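Topology and contacts: notes
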Amino acid sequence: MRTLRQPANVVAPLLFPMLLLAVNSGGLAAETNLSGFPTNSFVAFALAVPFIQGALFATMNAGTDLARDIQTGFLNRLSLTPMRGIALLAGQLGGVVVLGLVQTTVYLAVGLAVGVHIESGVAGVLVLFAFALLVALGFGALGTFAALRTGSGEAVQSLFPAFFVFLFISSMNIPRNLIETSWFRDLATANPVSYLLECVRSLIITGWDGEALALGFGIAAAIAVAALALSTWALRVRMARS
Amino acid sequence: MSDSTIKAEQLVREFKKGPRAVDAIDLGVASGEIYGFLGPNGAGKSTTVHMLTTLLPPTSGTARVAGYDVLREGPQVRMRIGAALQEAALDPLLTGREHVRLQASLQALPRAERSQRADELLARVGLADAADRKVRGYSGGMKRRLDLALALVHRPQILFLDEPTTGLDVQSRTALWAEVGRLAREDGVTVFLTTQYLEEADVLADRVGIIDHGRIVAEGTPGALKAEVGRPTIEAIPADDGDLSRTAAILERFGELVTSSKGVAVRLDDGTSGLAEVVRALDAEGLQSEHLQLHQPSLDDVFLAKTGRSLEGAGDDEEEEERRGLAMEPAR
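Residues numbered from 1 in each chain as written. Chains lettered and ligands numbered in written order. Predicted model: local features only at pLDDT ≥ 70, side-chain atom pairs only at ≥ 80, totals over all residues.

1. Here's the deal with the overall build of chain A
Applied cut-off: Segments assigned H or I by DSSP are reported as helices when at least four residues long, segments assigned E as strands when at least two residues long, and all are numbered from the N terminus. Within these notes, the globule rule equals 2.2 Å times the number of residues to the 0.38 power, and the radius of gyration is based on C-alpha atoms. Partly exposed residues are those whose C-beta has more than 12 but fewer than 20 other C-beta atoms within 10 Å; with 20 or more the residue is buried, with 12 or fewer it is exposed, and the C-beta atoms are placed from the backbone. Two residues form a contact once the distance between their C-beta atoms, set from the backbone, is within 7 Å.
Secondary structure assignment for chain A yields 11 helices and zero strands. Put simply, chain A runs from its N terminus to its C terminus through helices and strands in the order α-α-α-α-α-α-α-α-α-α-α. The C-alpha radius of gyration of chain A comes to 18 Å, within 12% of the 18 Å expected for a compact globule of 242 residues. Viewed in the frame of its principal axes, chain A has a C-alpha envelope of about 60 × 35 × 30 Å. Relative to its 242 residues, chain A shows a buried fraction of 42%. Sequence-distant contacts, at least 24 apart, represent 78% of the contacts inside chain A between residues at least 6 apart.

2. Quick word on the overall build of chain B
Within chain B, the regular secondary structure consists of 12 helices and 14 strands. With the C-alpha coordinates of chain B rotated into their principal frame, the extents come out at 75 × 45 × 40 Å. Residue burial in chain B is summarised as follows: out of 332 residues, 45% are buried. Long-range pairs, those at least 24 residues apart, make up 70% of the contacts in chain B between residues at least 6 apart in sequence.

3. Concerning the environment of A104 of chain B
Residue and element names in this part refer to chain B. By secondary structure assignment, the location of A104 is in helix α3 (residues 96-106). Judged by the 22 C-beta atoms lying within 10 Å of it, A104 falls in the buried class. Expressed as a C-alpha distance, the spacing of A104 and R114, which sit 10 residues apart in the sequence, is 5.9 Å. Leave out the neighbours within four places in its chain, and A104 touches L109, R114, R117, A118 and V153.

4. Regarding the domain arrangement of chain B
Keep this limit in mind: As used throughout, domain bounds are those supplied by an automatic or database domain assignment.
Partitioning chain B into domains gives domain 1 (6-90 + 138-221 + 306-327) and domain 2 (231-295). The gap between the C-alpha centroids of domain 1 of chain B and domain 2 of chain B is 40 Å.

5. Quick notes on the sheet that holds strand β3 (residues 34-38) of chain B
Adjacent strands of a sheet form backbone hydrogen bonds with each other and so pair up, either parallel or antiparallel. All names here are of chain B. Quick reminder of the rule: At least two DSSP bridges between two strands are required for those strands to pair. Lines are fitted to the C-alpha atoms to define the axes, a helix being fitted only along its stretch in contact, and any angle between axes, read from their N-to-C directions, falls within 0 to 180 degrees.
Spatial strand order, β6-β7-β8-β3-β9-β10: six strands in an open sheet with mixed pairing. Here the strands that pair on one side only, and so sit at the sheet edges, are β6 (81-84) and β10 (215-220). Along the sheet, successive strands turn relative to each other by an average axial angle of 15°, direction set aside. As paired strands, β3 and strand β9 (residues 207-212) are joined by four bridges and run parallel to one another. In the sheet register, F37 faces β9, and the bridge partner there is G209. Against the sheet, helix α11 (residues 299-307) contacts β3, β9 and β10, and its axis sits at roughly 45° relative to β9.

6. Here's the deal with the packing of helix α5 (residues 85-113) of chain A against helix α11 (residues 210-239) of chain A
Residues and elements named next belong to chain A. Where we set the bar: For this classification, under 35 degrees means roughly parallel, over 145 means roughly antiparallel, 65 to 115 means roughly perpendicular, and everything else is oblique. By the definition used in this description, the sense in which the near helix is turned from the far one sets the handedness, with an anticlockwise turn below a right angle giving left-handed and a clockwise turn giving right-handed. Nonpolar residues are Ala, Val, Leu, Ile, Met, Phe, Trp, Tyr, Cys and Pro. Charged residues are Asp, Glu, Lys and Arg, and all others, Gly as well, are polar.
The geometry of α5 relative to α11 is characterised by a closest axis approach of 10 Å and an angle of 120° between their N-to-C directions. Relative to α11, the element α5 lies oblique. Judged by the sense of rotation from one axis to the other, the crossing of α5 with α11 is right-handed. Between α5, through G85, I86, L88 and L89, and α11, the contact on the second element is made entirely by S231, T232, L235, R236 and M239. Classifying every residue of the contact of α5 with α11 gives five nonpolar, three polar and one charged.

7. What to know about the sheet that holds strand β5 (residues 68-69) of chain B
Residue and element names in this part refer to chain B. Judged by pairing direction, the sheet is antiparallel, and its four strands sit side by side in the order β2-β1-β4-β5 without closing on themselves. Edge strands, defined here as strands with exactly one partner in the open sheet, are β2 (20-29) and β5. Two strands pair when backbone bridges link them, and strand β1 (residues 6-14) and strand β4 (residues 60-65) are joined in this way by five bridges, in the antiparallel orientation. Considered in β4, the bridge of A8 is made with A63.

8. Considerations on the nonpolar core
Inside soluble globular proteins, nonpolar side chains tend to come together where they are buried. What counts here: Any nonpolar core is a set of buried residues, restricted to Ala, Val, Leu, Ile, Met, Phe, Trp, Tyr and Cys, that join up through C-beta atoms within 7 Å.
One finds L52, V65, A149, V191, F192 and L193 of chain B to be the most contacted residues of the largest nonpolar core, which totals 74 residues. Here this core takes seven residues from helix α5 (residues 140-152) of chain B, the largest share from any one element. For F192 of chain B, the contacting residues outside a window of four places in its chain are I6, V29, Y35, F37, L52, I158 and F160 of chain B. Of all hydrophobic cores here, the second largest spans 64 residues; its members include I52, L56, L142 and I205 of chain A.

9. Concerning the environment of D269 of chain B
All names here are of chain B. With respect to the helices and strands, the residue D269 is situated in the loop between β13 (264-268) and α10 (275-284). Measuring from C-alpha to C-alpha, the distance between D269 and V22 comes to 38 Å, with 247 residues separating the pair along the chain. With sequence-adjacent residues up to four places away left out, D269 is seen in contact with F254, G255 and G274.

Here it is in structure tokens:
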């Protein structure tokens, strides 16, 4: 409810990625002429980016809301109820996951509206939703971890530029095998965000690519598990009660 | 019969890189009592409340609330207490009614009871008309009243109020005092109230504990504490400056003369029962007073006697330290 009552938290994750998609599609469309580029449609190639970009907003939303709860003492109020710590966390992440659903729906709708064809079909769309929710959960949990450790909304927001760097030094704008600069290609290969992008991209462009799906889901799950474990630990330390 | 007592023994709380915020305090609060915990900013009041409400583990010592150990039996303690802490802790995007319903849901009240309980509590704290407005539109007094309502949702046996009237106007403060008094008197709720306001402790509390630099420096009923430090003083300013010495000679019959910046003051041997005699004696000598005032010892006098400092204005630096300690990761 609180997420939906903050229009900026809902509109920005929808609008900003679409703007970036429009700009990049216009400016980088000539990439499709490169030998080995996987598709004729740059929009189809770039559509994967909003899904991951939206995850960054999930981090910010979950984190800043929780940091505000800590700063205002609202978390203390919740701590005094019989509610278990993990349920508090689930409540915080619930809104993020719902927003992730909304984002996925909007991004897909925009993609379909501009002529993108989802190669993996209806089943692929369902898999895409599942993946997007997993990514939103994982990145949202990273945000809650940052909030619980720092208790500061400003500290959470300072993560945004750091995460953006991860997004840009990846296969965000060009397939890894076509990156000519070796250090950039190496960094993109080491960057887990590349595999998240490629997982989404495979469902849109290729169809069913087992390796891309396994790597994408595996890394998203690893991020989610690690982030949730860290958040649970940080919550226990923050609450520090019996 | 349920146990609504609070008992702490040698309770200590240390923060990293700081002095002891609470330094081996012992306190006991009986069932149905209003206990006022009075001290300047940064004395350790909020830290004590955080420990007693299980939000912060003690570094050492023990505390039992409603018969349960705060460290080992936290869930049982939390079921029996309500707390309105120093921050109003409200979500500005929710309405008053949504807050109460959320709290009722979190406290596992039956679904059928939640709406009724919300209506009842909001009416009781005078927020029925504002119940469906978002909290960001509430005044400070309204937020404090909502905070109190939230603390009462699950009918706790023990209520912790951490500086509940700080920043409120006189009217809001008086209304809150009335409600707290009613809770103790009619509902038998034990109230642990922290305050930096002398008047609040004096008016509300059955017993007062005065804390300074993490230690309890005095404890007892307000009357007993004040009687401990002195008897009442009467100060007379004669209408004619030339009558000063005659006024002093009259007043000296009734007690020990004390310093007065403007006239003559005497500490009454017989307490306030000597007041009528003083007035009669001055009148009999034809001495007119421009100003005649009775000064009762205040809790500030008690604090001054115990610590050498006045309560008002004390502790501004210590407040910042205590607040920083509560905001940081708790020490293990």
